[in-house]
Amino acid sequence: MTLMDVPAVHTLESQLFPADAWPLDMFLAEIVHPTRGYIVLETVQEGNNEAEIIGYAGLMSIAETADVQTIAIDPQHEGKGYGRALLNFLAREAAVRGAEQILLEVRADNARAQDLYQRNGYQQIHVRRGYYNDGVDALIMRKELSAPASSPNDDATSMSPEPTIESEAHHD
């Protein structure tokens, strides 16, 4: 994610998470922080040469623990493996940064996201009551990481067809 991506990411964030959307300033601070890594997922529609941001994800990694700060896919592009690709990218990035585990928070009322995380090796370890602005609980989930077998710039998933994530603007 670059500074030029932030307005489009913030617009998508505001549409997807109206009750809990991050302010623009938070994205700006996050993408330049040395313990953070953010990525965008873009697509180019046939007949149009402009890339459109359809997803994004961010990670904080300090010592042996990483934390998924945010992850989102435009609903028009759900069900294509992109969420899993972003999640896998974050796990590999965390491992490259030396993390042994990765944590995330998910809304207790978001069964679809919980299912994605569970299918990808995350287990619920805690509940934060009333965590979100509208009073919904957060489920804390954890995944143990193994040493990275590849760099985070490799294909993001092994499913077919393979959504891949290229990290030109990847920032450490």
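Here the structure is shown first, and the text comes after it.
Since we're looking at a predicted model, the values are computed, not measured. (Residues numbered from 1 in each chain as written. Predicted model: local features only at pLDDT ≥ 70, side-chain atom pairs only at ≥ 80, totals over all residues. Heavy atoms only, no water.)

S.K.: Where do I start with the layout of surface pockets in this structure?
M.R.: Gaps between atoms show up when a probe of the same size as a water molecule is rolled over them. In this structure, the largest pocket occupies an estimated 1100 Å³ of space. Taken together, 38 residues make up the lining of the largest pocket; nearest its centre are Phe17, Ile71, Asn110, Ala113 and Tyr117. If you list the elements that add at least two residues to the lining of the largest pocket, you get helix 1 (6-16), strand 3 (65-73), helix 3 (82-96), strand 4 (101-107) and helix 4 (111-119). Classifying every residue of the lining of the largest pocket gives 18 nonpolar, 8 polar and 12 charged. (1 Å grid on protein atoms, 1.4 Å probe; cavity = no way out; pocket = protein on both sides within 12 Å on 5 of 7 lines; lining within 4 Å. Points joined across faces, edges and corners; volume = space filled by probe spheres on them. Helix = DSSP H or I, 4+ residues; strand = E, 2+ residues; numbered from the N terminus. Nonpolar A, V, L, I, M, F, W, Y, C, P; charged D, E, K, R; others polar.)

S.K.: What is the right way to look at the nonpolar core in this model?
M.R.: Side chains of nonpolar character tend, in soluble globular proteins, to be buried together. Core analysis: the largest hydrophobic core is formed by 26 residues, its most contacted members being Ile102, Leu104, Tyr117 and Tyr122. Those elements that provide at least two residues to this core are strand 1 (36-44), strand 2 (51-62), strand 3, helix 3, strand 4, helix 4 and strand 6 (138-144). Looking at which element gives the most residues to this core, the answer is helix 3, with 6 residues. Filtering out sequence-adjacent residues up to four positions away, tyrosine 117 remains in contact with Ile71, Leu87, Leu104, Val106, Tyr122 and Met141. Counting 12 residues, the second largest nonpolar core, distinct from the first, contains Met1, Leu12, Phe27 and Ile31. (Core = buried A, V, L, I, M, F, W, Y, C linked by side-chain atoms within 4.5 Å. Buried < 20%, exposed > 50% of the residue type's maximum accessible area, 1.4 Å probe, protein only. Contact = heavy atoms within 4.5 Å.)

S.K.: Explain the packing of aromatic side chains to me, please; I cannot follow it from the model alone.
M.R.: Aromatic rings in a pair are described by how distant their centres are and how their planes are angled relative to each other. All chains considered together, the criterion is met by 4 aromatic pairs. Ring geometry for tryptophan 22 versus phenylalanine 27: centroids 5.0 Å apart, planes at 45°, classification tilted. Each of the two residues, tryptophan 22 as well as phenylalanine 27, counts as buried. Ring geometry for tyrosine 131 versus tyrosine 132: centroids 5.0 Å apart, planes at 90°, classification edge-to-face. (Phe/Tyr/Trp six-rings, centres within 6.5 Å; stacked < 30°, edge-to-face > 60°.)

S.K.: Would you take a moment to explain the side chain of asparagine 120 for this structure?
M.R.: Its place among the elements puts asparagine 120 in the loop between helix 4 and strand 5 (123-128). Residues within four places of asparagine 120 in sequence aside, it is in contact with Arg84, Leu87, Asn88 and Lys143.

S.K.: It is not clear to me how the packing of helix 1 against helix 2 (residues 24-32) should be interpreted in this structure. Could you clarify?
M.R.: When two helices pack together, their arrangement is given by the angle between their axes and by how far apart the axes lie. Their axes nearest at 10 Å, the elements helix 1 and helix 2 cross at an angle of 130°. Viewed along their axes, helix 1 and helix 2 adopt a mutual orientation that is oblique. In this structure, the crossing between helix 1 and helix 2 has a hand that is right-handed. Across the interface between the two elements, Val6, Pro7, Val9, His10 and Glu13 of helix 1 pack against Leu24, Phe27, Leu28 and Ile31 of helix 2. Residue composition of the contact of helix 1 with helix 2, grouped by class: 7 nonpolar, 1 polar and 1 charged. (Axes fitted to C-alpha atoms, helices over the stretch in contact; angles between N-to-C directions. Parallel < 35°, antiparallel > 145°, perpendicular 65-115°, else oblique. Left-handed = near helix turned anticlockwise from the far one by under 90°.)

S.K.: Mind showing me how you'd approach the sheet that holds strand 5 here?
M.R.: Pairing between sheet strands relies on hydrogen bonds along the backbone, with the strands arranged either parallel or antiparallel. Ordered by their spatial adjacency, 6 strands build an open sheet running 1-2-3-4-6-5, and the pairing between neighbours is mixed. Here the strands that pair on one side only, and so sit at the sheet edges, are strand 1 and strand 5. With strand direction ignored, the average angle separating the axes of adjacent strands in the sheet is 25°. Pairing analysis gives 9 bridges linking strand 1 to strand 2, with the strands arranged antiparallel. Across the sheet, isoleucine 39 pairs through a bridge with alanine 57, a residue of strand 2. Across the sheet, helix 1 touches strand 1, strand 2 and strand 3, and the angle it forms with strand 2 is around 90°. (Pairing = 2+ DSSP bridges.)

S.K.: Can you help me understand the pairing of strand 2 in this one?
M.R.: Along a regular strand, successive side chains alternate from one face of the sheet to the other. Linking strand 1 to strand 2, which pair antiparallel, is a turn of 6 residues; within it glycine 47 sits at a positive phi near 80°. Note: strand 2 against strand 3, 8 bridges, orientation antiparallel. Along strand 3, the bridge assignment pairs methionine 60 with aspartate 67. If you look at the hairpin formed by strand 2 and strand 3, you'll find 2 residues sitting between the two strands, and alanine 63 has a positive phi there, around 55°.

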